[in-house]
Amino acid sequence: CESLARFYAISFGLHTVILRPTAVYGPRDRGFERDGHVIPDLIRRVSEGADEAPDRPLFVWGDTGIRRDFLYVADLVRASFLAIEKAPPVTPINVGCGSTVTLLELAERIWAARRSDHPEIVFDPSKPIAIRMRSVDVSLARELLGFSTEVSLSEGLRRTTDWFLAKGARR
């Protein structure tokens, strides 16, 4: 896609911006409709466990060493508008929080957004994981766009969990 964007910029003068977001999450995430996205999956399991079996442990695929950089959807939208306004043509710009959390920290924050007790979290390292660490350099987003995230991970998880519960969303 980036090569095609360059081709159109060179051949036709089309002003194209290229954003490379980290793992995006938030309300209306399609991951709530199917498996595969870690945040919707954990929110669903924590919420269902809180209602159906409050003493059941939270099972998480992988292990405690896996790290990710997550980006709340409203921050991605804001970055997109800034890029349209300020980004040089066909310059790839990484957009993310700029820091990572472990899956353990993520699971604990999701649990805290829904429940007040301390979770029993059990990791299953036999389950597949794609990449152990996903992090990007967001310095161009800061320099060229003046972008930094406004929604913290804890706040974004709370908003996403509240949306999930308000919609009565279940699998």
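A quick note: this is a predicted structure, and the numbers were derived from the prediction, not measured.

(A) View of the overall build of the chain. Check the secondary structure of the chain and you find six helices and nine strands. Each principal axis of the C-alpha distribution contributes one length, and for the chain these read about 60 × 35 × 25 Å. Expressed as a percentage of its 171 residues, the buried residues of the chain come to 39%. Pairs at least 24 residues apart make up 84% of the contacts formed inside the chain by residues separated by at least 6 positions. Carbon and sulfur atoms make up 54% of the accessible area of the chain, which amounts to about 9,500 Å² in all.

(B) Molecular detail of the pattern of salt bridges. Scanning all chains against the criterion turns up nine salt bridges. Notably, a salt bridge pairs Arg44 with Asp41, separated by 3.1 Å at the nearest N-O pair. In this pair, Arg44 and Asp41 both sit in helix α2 (residues 38–52), three residues apart, roughly one turn of the helix. Among the charged side chains, a salt-bridge network with shared partners connects Glu155, Arg158, Arg159 and Asp162.

(C) A look at the packing of aromatic side chains. Per the stated rule, a full pass over the model turns up five aromatic pairs. Measuring from centroid to centroid gives 6.0 Å for Phe7 and Phe12, while their planes differ by 85 degrees, and the two rings are edge-to-face. A relative accessible area of 43% means that Phe7 is categorised as partly exposed. Accessibility expressed as a relative area gives 58% for Phe12, which makes it exposed. Three or more aromatic residues joined by ring pairs form one cluster here, namely Phe7, Tyr8 and Phe12.

Reading the values: rules and limits
- Residues numbered from 1 in each chain as written.
- Predicted model: local features only at pLDDT ≥ 70, side-chain atom pairs only at ≥ 80, totals over all residues.
- Heavy atoms only, no water.
- Helix = DSSP H or I, 4+ residues; strand = E, 2+ residues; numbered from the N terminus.
- Buried < 20%, exposed > 50% of the residue type's maximum accessible area, 1.4 Å probe, protein only.
- Contact = heavy atoms within 4.5 Å.
- Areas by Shrake-Rupley, 256 points an atom, 1.4 Å probe, with all protein chains shown as cover.
- Salt bridge = Lys/Arg side-chain N within 4 Å of Asp/Glu carboxyl O.
- Phe/Tyr/Trp six-rings, centres within 6.5 Å; stacked < 30°, edge-to-face > 60°.

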